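Structural characterization, general
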Amino acid sequence: MIDIQTQFVKNVLEGAGLSLKDSGSAFAPSNIALSKYWGKRDPELNLPINSSLSISLGNLGTKTKIRLADADSVSLNGTPVDLNDGFAIRTLEFLKLFPMVGTHFEVRTENNIPTAAGLASSASGFAALVLALNDLAGWELGGRMLSMLARLGSGSASRSIFEGFVQWHAGNCDDGSDSFAEPFSKPWNEFRIGILELSNARKPVGSRDGMNRTVQTSELYKSWPAQANRDIETIRTAIHTQDFPTLGKAAENNALAMHATMMSAWPPLLYLQPESIEMIHQVQRVRAEGLEVYLTIDAGPNIKLLFLEENESQVAAAFPRLQVIQPFG
Ligand code: 2P0
């Protein structure tokens, strides 16, 4: 497992100099996919079956500081993390891919989003870790290369290297060299995302196991890659023309289609809770009354609303617990 990843890292770092500093630090935003990543074609290089498209969440994300040390240590929001904890294990396993930088690391992570609440903290976490490593090692890598390194930690992390709208290209090559993320389009300042946090409990099946189970057992998954390709094209065009209803419809349909593939897996994956279903109905009700609001959902029970600034007060009135995010600041 480690060999193919080590070779990949070597290829990415070819030509990059090493100019170590005392410490490296960086921030990376969380992101929400408007057209989702669901399914891997290669688990070792973390290559996806389909491309995905996301929007980064501005100043919501992860700040990481890293330095070389005599022994490994990891902290999260100021509290030391047990090295047997899954978060520390994943972080330190990832850093083992970079022996040219060092053997032991002190990693300090600050998250301003709830960990594992379906708000993709692994995305901003691995993106910030790669950006901090790039700072520590003085590699001066470009965004494309950084996104490929972040991808090895977590697929969605490849998108969190960038601000704004981002596409992660699935690529075709077996060696992973054409599977990277890149930003596109200008800012859309009126764009708003509303988070309805219905549960911050850890989910019973993580995304990684959930997508593998879906690919292996869901009959409906067969139609997913083609749908994802169509939705990405629709959403890209809608972003360029700032056609919000077209974007919203495609994003909502994409998320619910992904959940249909999950539910048709065996054993079934049902991330939605009764409150999630209630909120889906509520979105449909207010939209029927003329309010331009759409939803998206990741591998968890929480609902994310998509709307424009002009409708913010009406959306907030219809969904009282809403946390509103301005992705473009
Ligand atoms: C996404 N999700 O596009 C989709 C939608 C969840 C549902 O990316 O195995 O944590 O680390 O590559 O990136 C979550 O999956 O999975 C995810 P790994 P990751 O945002």
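A short tour of the structure in this document, coming up. Fair warning: this is a prediction, and the values are worked out from it, not measured in the lab.

Points about the site of the ligand
- Near the ligand there are 18 residues, and of these Tyr37, Lys40, Ser154, Gly155 and Ser156 occur at the shortest range.
- Within the contact set of the ligand, an oxygen atom lies 2.7 Å away from a side-chain nitrogen or oxygen of serine 156.
- Within the contact set of the ligand, an oxygen atom lies 2.7 Å away from a side-chain nitrogen or oxygen of arginine 208.
- Contact with the protein chains hides 93% of the accessible area of the ligand, taken as 470 Å² for the molecule alone.
- The greatest single-element share of the shell around the ligand, amounting to three residues, is contributed by helix α5 (residues 207-217).
- Broken down by class, the residue content of the shell around the ligand amounts to six nonpolar, six polar and six charged.
- Counting contributing residues, the shell around the ligand receives three or more from each of domain 1 (4-183) and domain 2 (191-325).

Considering a nonpolar patch on the surface
- There is a patch of nonpolar side chains on the surface, built from Leu18, Leu20 and Leu68 and spanning about 250 Å² of accessible area.
- With respect to the secondary-structure elements, leucine 68 resides in strand β4 (residues 52-68).

Comments concerning the packing of aromatic side chains
- The tally for this structure, following the rule as stated, stands at eleven aromatic pairs.
- Ring geometry for phenylalanine 191 and phenylalanine 244: centres 5.7 Å apart, planes at 75°, overall edge-to-face. Here phenylalanine 191 is found in strand β10 (residues 191-196), whereas its partner phenylalanine 244 is found in helix α7 (residues 244-263), with 53 residues between them in sequence.
- Exposure remark for phenylalanine 244: the relative accessible area of 2% places this residue in the buried category.
- Taken together, the ring pairs connect Phe165, Phe184, Trp188, Phe191, Phe244, Tyr294 and Phe328 into an aromatic cluster.

Considering the pairing of strand β11 (residues 294-297)
- Residues of β11 alternate between two faces, with Tyr294 and Thr296 on one and Leu295 and Ile297 on the opposite face, all of them buried.
- In terms of strand pairing, β11 meets strand β12 (residues 303-308) through four bridges, oriented antiparallel. Residue pairing across strands places leucine 295 opposite leucine 305, the latter belonging to β12.

Things to note about the environment of leucine 95
- With respect to the helices and strands, the residue leucine 95 is situated in helix α2 (residues 86-95).
- Along the backbone, leucine 95 and arginine 202 are 107 residues apart, and their C-alpha atoms lie at a distance of 25 Å.
- If sequence neighbours within four positions are ignored, leucine 95 has contacts with Ile66, Phe105, Val107, Leu129 and Leu133.

Reading the values: the criteria
- Residues numbered from 1 in each chain as written.
- Predicted model: local features only at pLDDT ≥ 70, side-chain atom pairs only at ≥ 80, totals over all residues.
- Heavy atoms only, no water.
- Near = heavy atom within 4 Å.
- Polar contact = N/O pair within 3.5 Å; in protein donor to acceptor, adjacent residues only side chain to side chain.
- Areas by Shrake-Rupley, 256 points an atom, 1.4 Å probe, with all protein chains shown as cover.
- Helix = DSSP H or I, 4+ residues; strand = E, 2+ residues; numbered from the N terminus.
- Nonpolar A, V, L, I, M, F, W, Y, C, P; charged D, E, K, R; others polar.
- Domains from an automatic or database assignment.
- Patch = residues over 30% accessible without salt bridge, like charges linked within 9 Å, V, L, I, M, F, W, Y side chains within 5 Å.
- Salt bridge = Lys/Arg side-chain N within 4 Å of Asp/Glu carboxyl O.
- Phe/Tyr/Trp six-rings, centres within 6.5 Å; stacked < 30°, edge-to-face > 60°.
- Buried < 20%, exposed > 50% of the residue type's maximum accessible area, 1.4 Å probe, protein only.
- Pairing = 2+ DSSP bridges.
- Contact = heavy atoms within 4.5 Å.

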